[in-house]
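These are the residues of each chain, in order.
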Protein chains: 2
Amino acid sequence: MRSFKDLVTDFGNHFAVRHFPEQPSSLYEPNEYFLSWGGKRIRPVMCLMGNELFDEIHADTWQLATAIELFHNFTLIHDDIMDQAPLRRGMETVHIRYGESTALLAGDVMLIRAYEYLNKINPQYLHRILSLFNTTAREVCEGQQLDMDFEKMESVSLDAYIQMISLKTSVLLAASLEMGAIIGGASEGNCRHLYDFGKNLGIAFQVQDDYLDAFGDPEKFGKDVGGDIRQNKKTFLLLHALEVATPDQRKELEKLMQQNPADKVERILAIFRDCNIDEWAKSLKDKYLQTALAHLDAIAVRSVRKEPLQELANFLIQREY
Amino acid sequence: MRSFKDLVTDFGNHFAVRHFPEQPSSLYEPNEYFLSWGGKRIRPVMCLMGNELFDEIHADTWQLATAIELFHNFTLIHDDIMDQAPLRRGMETVHIRYGESTALLAGDVMLIRAYEYLNKINPQYLHRILSLFNTTAREVCEGQQLDMDFEKMESVSLDAYIQMISLKTSVLLAASLEMGAIIGGASEGNCRHLYDFGKNLGIAFQVQDDYLDAFGDPEKFGKDVGGDIRQNKKTFLLLHALEVATPDQRKELEKLMQQNPADKVERILAIFRDCNIDEWAKSLKDKYLQTALAHLDAIAVRSVRKEPLQELANFLIQREY
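Since the structure is predicted, the reported quantities are computational estimates derived from the model, not experimental observations.

Side note on the overall build of chain A
Across its full length, chain A carries 16 helices and two strands. By the compact-globule yardstick of 20 Å for 321 residues, chain A fits well, its C-alpha radius of gyration being 21 Å. Viewed in the frame of its principal axes, chain A has a C-alpha envelope of about 60 × 50 × 35 Å. Residue burial in chain A is summarised as follows: out of 321 residues, 59% are buried. Considering only contacts in chain A between residues 6 or more positions apart, those separated by 24 or more positions represent 73%.

Have a look at this one:
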């Protein structure tokens, strides 16, 4: 059994090959350009871990993990077009470098290429894996659409936001684990628990991400702290604050969001603190993390096999900040 | 055995159901809107005919035909974004009506939904069908990219243009027939001939389409005759004319394309006629049609079974105009 970090290295080596034909280069060079930036490779590694929780990693699981990583990159290329993002990881996005039409097509063939890797796995699993892959792929698109819808809406309930986050990011983490587990020979019940572990872990991660954007230590967090607040981005924190604020606090929040004063971030953070949003967010994150870990606990395999997934949870969710 | 026209009606009835979930309606309503316009349904019917050439139509073939039609509609939604087309069949395109981001996502889920229908077919065929479907899907994207590349290039060889047309439109016609034939139990050799029948028929159709746009009878053709010439579109006719014209004719052609005088269409048509482009196009179309029919002839089934495919060829390729 390999640790999470070892698997990241192993998958990185496995994936560092050309994935597209040479010609037409006007279509495939953008794909290779985008893939050459690397990435955290969390989803394919989760797939490998889902397999290794139950059995040695099969050759098929490497093909499946590759399909998952290509699918994830397809969503990134198309999301960058929709968000009109000029940069990703400091590099020019595909649509900026090669034009929107080519970026659209490059994303399309990235998705089709993912299905080509899926079709390399043993036919005995193909129907079941394809079924989960297809459902998940469609849910990720639904999540992206809901995210765009919510940005235009005046008010969004916390429940609706959690549903959107779940579709946009958590289901792919969950399905990556489960698809690996299917090849590892896991029972239906174990598959279910593993899926729910991944789904809840993903939500906990997103709550943490929203928390750190507002309350994180800029030196440790790296990212531009307060960025979500400056952009009036709908986050767990803002949606809950709008639900629990007094009428005066709510009015003040809405005024700050409309008028964008220079001290907007500090003043909104002060309201968040007055409403105990920081403590609420930590406890919400903990609630999802605990639910995730309870599902991991319920999986019927020797506990030593679960250690890499506990390591993954610790990597994704910092307990203290 | 059913005629081509009967199958068009049968497939139309079969396909006239909702193909997407209700929610989120902001994502799926655009898909249903686009599908509600109908269409010629040539590709799915070719899939049914490919099956019926060898055996009664299996239940699986209806699922496969649905997947093919959804795939074709995915390409139309994304092509309309790339071409910035405001209308299709007189209706507002998806990106005009719902915005580009939603159109992009609607196309993505249309493709994923196609794979969901593919996954309904019997696992015994799944790997082989998926393999041909994936290759074809990627080739269609390659054809679209080459088409965009060619529009920006000063000169394109006729061979390169035929290769582009083949990828952009013919391979899907060919693969639709072959995928149906696979389910119908056809041998590899018969599959190969049927594929080549479809591929050559598709090229003959495109040559005819280019011919009719220039030389067609406006009353019979329906479309805006001369549209390709007005837009300086690279067609079989223009590319061949640029290859065979005298230096003076070539200079005149280039001048007309740059300056767009009011009588541009008539003057370019006059050069086409001087260069015998009309006769050349008819003989090119006949060459591909004859090659297609020779492949149909070579398929080892009783000739009465081939009648619907001959009817299809006659429907697509008019012998006289």
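Considering the relation of the copies chain A and chain B
The two copies are related by a screw operation: chain A maps onto chain B through 180° of rotation and 0.0 Å of translation along the axis, at an RMSD of 0.1 Å. These values place the two chain copies in the arrangement generated by a two-fold rotation axis. The fraction of interface residues of chain A whose copies in chain B are also interface residues reaches 100%, indicating that both copies meet through the same surface.

Some thoughts on the environment of Met 179 of chain B
Residue and element names in this part refer to chain B. Within the secondary structure layout, Met 179 lies in helix α8 (residues 158-183). Residues Met 179 and Leu 130, spaced 49 residues apart in sequence, show a C-alpha to C-alpha distance of 9.2 Å. Every residue in contact with Met 179, bar those within four places of it in the chain, is listed here: Leu 64, Ile 68, Ile 129, Leu 132 and Phe 133.

As for the interface of chain A and chain B
With 38 residues of chain A at the interface, the matching set in chain B holds 38 residues. Broken down residue by residue, the surface that chain A buries against chain B is led by Ile 112, Asn 119 and Arg 138 of chain A, which jointly contribute 18%. Joining chain A to chain B, the criterion identifies two salt bridges. Here Glu 116 of chain B ties to Arg 138 of chain A by a salt bridge, and the two come within 2.7 Å at their closest N and O atoms. Across the contact surface, chain A and chain B share 16 residue pairs in polar contact (both at pLDDT 80 or more). Looking at the side of chain A that touches chain B, the element that brings in the most residues is helix α7 (residues 123-152) of chain A, giving 15 residues.

As for helix α15 (residues 277-298) of chain A
Residue and element names in this part refer to chain A. Taking 1.5 Å of rise per residue, 22 residues should cover 32 Å, and α15 covers 31 Å from first to last C-alpha, within 8% of that figure. Regarding α15, the residues found buried are Ile 277, Asp 278, Trp 280, Ala 281, Leu 284, Lys 285, Tyr 288, Leu 289, Ala 292, Leu 293, His 295 and Leu 296. If you follow the buried residues of α15, they end up packed against α8 (158-183), α9 (188-215), α12 (236-244), α14 (264-274) and α16 (307-316).

Topic: the environment of Arg 97 of chain A
Residues and elements named next belong to chain A. Locating Arg 97 in the fold gives a position in helix α5 (residues 94-98). Relative accessible area serves as the criterion here: at 45%, Arg 97 is assigned to the partly exposed category. Placed 67 residues apart in sequence, Arg 97 and Pro 30 show a C-alpha to C-alpha distance of 8.4 Å. Discounting chain neighbours no more than four positions away, the residues touching Arg 97 are Tyr 33 and Glu 92.

Here we look at the packing of aromatic side chains
The final tally for this structure, using the stated rule, is 25 aromatic pairs over all chains. Measuring from centroid to centroid gives 5.3 Å for Tyr 115 of chain A and Phe 133 of chain A, while their planes differ by 70°, and the two rings are edge-to-face. Of this pair, Tyr 115 of chain A sits in helix α6 (residues 100-118) while Phe 133 of chain A sits in helix α7; the two residues are 18 residues apart in sequence, bridging distant segments of the chain. Considered together, Tyr 115 of chain A and Phe 133 of chain A belong to a single accessibility category, that of buried residues. Ring pairs connect the aromatic residues Phe 71, Phe 74, Tyr 115 and Phe 133 of chain A together with Phe 71, Phe 74, Tyr 115 and Phe 133 of chain B, which therefore count as one cluster. Cation over ring: Lys 120 of chain B sits above Tyr 117 of chain B, and NZ or CZ is 4.5 Å from the ring centre. Positioned over the ring face of Tyr 195 of chain B is Arg 192 of chain B, at 4.8 Å from the centre of the ring.

Cut-offs used in this document
Residues numbered from 1 in each chain as written. Chains lettered and ligands numbered in written order. Predicted model: local features only at pLDDT ≥ 70, side-chain atom pairs only at ≥ 80, totals over all residues. Heavy atoms only, no water. Helix = DSSP H or I, 4+ residues; strand = E, 2+ residues; numbered from the N terminus. Rg over C-alpha atoms; globule rule 2.2 N^0.38 Å. Buried < 20%, exposed > 50% of the residue type's maximum accessible area, 1.4 Å probe, protein only. Contact = heavy atoms within 4.5 Å. Least-squares fit on C-alpha atoms with pLDDT ≥ 70 in both. Buried area = accessible area lost by both parts, 1.4 Å probe. Salt bridge = Lys/Arg side-chain N within 4 Å of Asp/Glu carboxyl O. Polar contact = N/O pair within 3.5 Å; in protein donor to acceptor, adjacent residues only side chain to side chain. Expected span 1.5 Å × (residues − 1). Phe/Tyr/Trp six-rings, centres within 6.5 Å; stacked < 30°, edge-to-face > 60°. Lys NZ or Arg CZ within 6 Å of the ring centre and 35° of its normal.

These figures come from the coordinates and say nothing about function on their own.
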